[in-house]
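# Residue-level structural notes
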Amino acid sequence: MLNTYFRVIVGTMVLLSVVLAVYVNINWLWFTVFIGVNLIQSAFTKWCLLETILVKLGIRKEGKGCKM
């Protein structure tokens, strides 16, 4: 479940930043760069702020069974 939320949120943020760059200001592409750099660093460090936030909000990681 966590992976699904993560992909939807990151994909939405990338698309939103591209739309804002086209219609508002080209500098919004720096937000896209930030997202890309964050994804690369998380691949090496195994830590991602968005994942930490989602876990604290109660989103379960896959394979942990049902919470009751």
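This text goes with the structure placed above it.
Procedures and definitions
Residues numbered from 1 in each chain as written. Predicted model: local features only at pLDDT ≥ 70, side-chain atom pairs only at ≥ 80, totals over all residues. Heavy atoms only, no water. Helix = DSSP H or I, 4+ residues; strand = E, 2+ residues; numbered from the N terminus. Rg over C-alpha atoms; globule rule 2.2 N^0.38 Å. Contact = heavy atoms within 4.5 Å. Areas by Shrake-Rupley, 256 points an atom, 1.4 Å probe, with all protein chains shown as cover. Salt bridge = Lys/Arg side-chain N within 4 Å of Asp/Glu carboxyl O. Buried < 20%, exposed > 50% of the residue type's maximum accessible area, 1.4 Å probe, protein only. Patch = residues over 30% accessible without salt bridge, like charges linked within 9 Å, V, L, I, M, F, W, Y side chains within 5 Å.

## Some details on the overall build of the protein
- Helices and strands together make up the secondary structure of the protein, namely 3 helices and 0 strands.
- Each helix and strand of the protein, placed in order from N terminus to C terminus, yields the pattern α-α-α.
- Against the 2.2 N^0.38 benchmark of 11 Å for 68 residues, the protein shows a C-alpha radius of gyration of 14 Å, more extended than a compact globule.
- Based on the C-alpha atoms only, the size of the protein along its principal axes is roughly 45 × 25 × 15 Å.
- Here the contacts in the protein between residues at least 6 apart in sequence split such that 57% fall between residues at least 24 apart.
- Summing over all exposed atoms, the protein offers an accessible surface of approximately 5500 Å²; the carbon and sulfur share of this is 72%.

## Here's the deal with the pattern of salt bridges
- Counting across every chain of the model gives 1 salt bridge.
- Its salt-bridge partner being E51, residue K61 comes within 3.3 Å of it at the nearest N-O pair. Residue K61 is found in the segment after α3 (49-56), and its partner E51 is found in helix α3; the two are separated by 10 residues along the sequence.
- A residue is classified by how much of its surface remains accessible, and E51, at 28% relative accessible area, is partly exposed.

## Points about a nonpolar patch on the surface
- On the surface, V18, V19, V22, Y23, V24, I26, W28 and L29 cluster together to form a nonpolar patch covering roughly 800 Å² of accessible area.
- Considering the arrangement of structural elements, one finds V22 in helix α1 (residues 2-23).

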